[in-house]
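Descriptive analysis of the structure
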Amino acid sequence: MKKIAVSNVRTRRLQADDRRYLWHPFTQQQDWEKERPLIIERGQGVYLEDSEGRRYLDGVSSIWVNLHGHRKPALNRALTAQLGRIAHSTMLGISNPPAIALAKKLVRLAPAGLSRVFYSDNGSTAVEVALKMAFQYWRYQGEEGANKTKFLHLGQAYHGDTLGAVGVGGIPLFHERYTPLLVPSYEAHAPYCYRCPLGLSLPGCRIACADSVADILKRHHAEIAAVIVEPLLLAAGGMLVQPRGYLTKLRRLCTEYHALLIADEVATGFGRTGTMFACEHERVKPDLMAVSKGLTGGYMPLAATLTTERVYRAFYGRYDEFKTFFHGHSYTGNPLGCAVALANLEVFERERTLEKLQPKIQALQRWLTPLEQLPHVGDIRQLGFVVGIELVRDRASKNTYPLSERVGHRVAEETRRLGMLIRPLGNVIVLMPPLSTSLKELRQMVEILKQAITTVTGGPGQSHSVV
Ligand SMILES: *Cc1c(COP(=O)(O)O)cnc(C)c1O
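Calculation notes
Here the residue numbering is sequential within each chain, running from 1 through the sequence in written order. Local features in this predicted model are restricted to residues of pLDDT 70 or higher, and side-chain atom pairs are both shown and tallied only at a pLDDT of 80 or more, whereas totals for entire chains, interfaces and linings draw on every residue. As a convention, hydrogens and water are excluded, and side-chain values are obtained from all of the structure's heavy atoms. For helices the rule is a DSSP run of H or I covering at least 4 residues; for strands it is a run of E covering at least 2, with both sets numbered from the N terminus onward. Working definition: with a 1.4 Å probe on protein chains only, accessible area under 20% of the residue-type maximum means buried, over 50% means exposed, and in between means partly exposed. Note that the domain bounds reflect an automated or database-derived domain assignment. Residue contacts follow a heavy-atom distance rule, with two residues in contact if any of their heavy atoms lie within 4.5 Å. Summed over both partners, buried area is the accessible surface (1.4 Å probe) that two parts give up on being assembled. Whenever a carboxyl oxygen of Asp or Glu lies within 4 Å of a side-chain nitrogen of Lys or Arg, that contact is scored as a salt bridge. The nonpolar class holds Ala, Val, Leu, Ile, Met, Phe, Trp, Tyr, Cys and Pro. Asp, Glu, Lys and Arg form the charged class, and all remaining residues, Gly among them, are polar. Without a salt bridge and with relative accessible area above 30%, a residue can belong to a patch; like charges are then joined within 9 Å and nonpolar side chains (Val, Leu, Ile, Met, Phe, Trp, Tyr) within 5 Å. Using the Shrake-Rupley algorithm and a 1.4 Å probe, accessible areas are obtained, with residue cover drawn only from the displayed protein chains. We call two strands paired when DSSP finds no fewer than two bridges between them. The angle between two axes is taken between their N-to-C directions and runs from 0 to 180 degrees, where each axis is a line fitted to C-alpha atoms and a helix contributes only its stretch in contact. Here a residue is considered near a molecule or strand provided that any single heavy atom belonging to it is located within 4 Å of it. Between N or O atoms, a polar contact is any pair within 3.5 Å; within protein, one atom must be a potential hydrogen donor and the other a potential acceptor, and residues adjacent in sequence are included only when both atoms are from side chains.

Attention now goes to the environment of Gln373. The topology assignment puts Gln373 in the loop between α13 (353-368) and β13 (377-383). With relative accessibility at 57%, the residue Gln373 sits in the exposed group. Separated by 72 residues in the primary sequence, Gln373 and Pro301 have C-alpha atoms spaced 40 Å apart.

Let's shift gears to the domain arrangement of the chain. For the chain, the assigned domains are domain 1 (38-68 + 353-457) and domain 2 (76-350). Centre-to-centre separation of domain 1 and domain 2, based on C-alpha positions: 27 Å. With 34 residues of domain 1 in contact, the opposing surface of domain 2 contributes 28 residues. The junction of domain 1 with domain 2 conceals about 2600 Å² of combined surface from both sides, 64% of it contributed by carbon and sulfur atoms. Remark: the boundary between domain 1 and domain 2 carries one salt bridge. Close ionic contact of Arg195 with Glu390 constitutes a salt bridge, the shortest N to O distance being 2.7 Å. Sorting the residues of the side of domain 1 that touches domain 2 by element identifies α3 (61-64), α13, β13, β14 (386-391) and β16 (428-431) as the ones contributing at least two each. Looking at the side of domain 1 that touches domain 2 residue by residue, the class counts come to 20 nonpolar, ten polar and four charged.

Bringing the environment of Leu14 into the picture now. For Leu14, the position within the fold is in helix α1 (residues 2-21). Residue class for Leu14 comes out partly exposed when judged on its relative accessible area of 32%. The spatial distance from the C-alpha of Leu14 to the C-alpha of Arg36 is 9.8 Å, given a sequence separation of 22 residues.

The next thing to look at is a nonpolar patch on the surface. Judged by side-chain polarity, Leu163, Tyr178 and Leu181 come together as a nonpolar surface patch covering roughly 300 Å² of accessible area. By secondary structure assignment, the location of Tyr178 is in the loop between α8 (172-175) and β6 (185-188).

On to the pattern of salt bridges. Think of it this way: side chains of opposite charge can pair up when their charged atoms draw near. Summed over the entire model, instances satisfying the criterion amount to 20 salt bridges. A salt bridge links Glu414 to Arg417; the nearest nitrogen and oxygen atoms lie 2.7 Å apart. Placement of both Glu414 and Arg417 in helix α14 (residues 407-417) is noted, with a separation of three residues, approximately one turn of the helix. By relative accessible area, which is 63% here, Arg417 ends up exposed. Salt bridges sharing partners connect three or more residues here, namely Arg195, Asp379, Arg381 and Glu390.

A few words now on the sheet that holds strand β10 (residues 260-264). The strand order across the open sheet built from seven strands is β4-β12-β11-β10-β7-β5-β6, with neighbouring strands paired in mixed fashion. Each having just a single partner strand, β4 (116-120) and β6 make up the two edges of the open sheet. Across the sheet, the mean angle from the axis of one strand to that of its neighbour is 20°, orientation sign disregarded. The pairing of strand β7 (residues 224-229) with β10 spans four bridges and is classified as parallel. Pairing of Ala226 across the sheet is with Leu260, part of β10.

Attention shifts here to the site of the ligand. The full set of residues close to the ligand is Trp64, Asn122, Gly123, Ser124, Tyr158, His159, Gly160, Glu230, Asp264, Val266, Ala267 and Lys293. Asn122 is positioned such that a nitrogen or oxygen atom in its side chain is 3.3 Å from an oxygen atom of the ligand. Across the complex, the protein chains shield 84% of the 380 Å² of accessible surface that the ligand would expose by itself. Split into classes, the residues belonging to the shell around the ligand amount to four nonpolar, five polar and three charged.

Adjacent strands of a sheet form backbone hydrogen bonds with each other and so pair up, either parallel or antiparallel. Strand order in the open sheet formed by three strands is β13-β14-β16, and the pairing between neighbours is antiparallel. With partners counted over all chains shown, the strands left at the sheet margins are β13 and β16, one partner each. Averaged over all adjacent pairs, the angle separating strand axes in this sheet is 15°, with direction ignored. Note: β14 against β16, four bridges, orientation antiparallel. Note on β16: the bridge partner recorded for Val387 is Leu431. Across the sheet, α13 is in contact with β13, β14 and β16; its angle to β13 comes to roughly 175°.

This is the structure we're talking about:
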């Protein structure tokens, strides 16, 4: 009893200081300051533990980063061992063993042709690096590249929050207000099958949404340096799974119209979709690839941009030609991050993570099927270990709940009460468990989700209880 009372007092103090001193990401602070923030103090496996000792399933892998669970001994050991040597040294003019070993390993694992690794700190910077490399590559291609200063992205795309990445974003709520600050980029139709922008449906449509990419490239290829895409899955845009063949079409179009293809694998990389990288599903070889989130298994902020020898060699030149890639961060190639990333990738091999994942992906699909019967579930989208459940006010018309009703947020509050933490994307409920989640834990997660959705939106036969 006494111990609990002490932890309560301490929690209150932490909550007060949080409200007093912090500014949280993607958060309306005026609402936040009225709440009692949950304070996570520990983790073990797929569980998070708050400052008062309550445990929660980590239903979104701590925002899509965790892979092998929290406090994974092999990862803890790698970090501790590296701390015994050095925490950080620069990559400017010198190098370090973990950065070298990780680059070698990434090149071995990545789609064929990606042979060079440039480090940065997070998904947004990995995208910035890719955009700047693509732009600068065309500067060295003579006449043909002279006007290639723009990009092409998809509607509902999300590539990060720094200005370059926002410039190629396609989510109006997040991106539109910053328009005056951004580099110009063409936007193609979102491959959003449930709400097809062309009013078509598979397979009869024959992926007509890709034609909008073709149209833009046909008209503007002389200005377009690169097409950027989240392969197979537009993640933050609502977990939109692209139709099979879509990525292959993009690859062909990029080759035909001489635009580089940037694969943003920040969300999809490292096993999330069932293969190491999402590009592998269609054997697509991008010209540049951005990775971060799962790279360190959810341990340290680290990112990498991979590219081909062709792009790399375009930057060769005499020193005073200044063809240098003028980009770098204080913590580029951070040894702690690289050491834990290396250990993270070794776990995949030692524990056969991807092999063990396949039956769990199938079980997840089976267990999700009954949720299709819930009256306010419009669409269930799954790719590997990623799930998006789009809630609708009315199934027949696909009428959506206004964002102001915060239906997704209420479902998340309910799952929290039931022992699982998730973070929705508007009206899309997201489940993205760590790859190490056991069948038993996975089943529990789906049950909690089902119960929470039913409670918030109304069960079978009931009308919804929202508002
Ligand atoms: C999260 C994400 C980013 C941005 O990564 P940060 O580490 O949050 O900057 C970029 N692209 C995709 C596809 C993402 O999901």
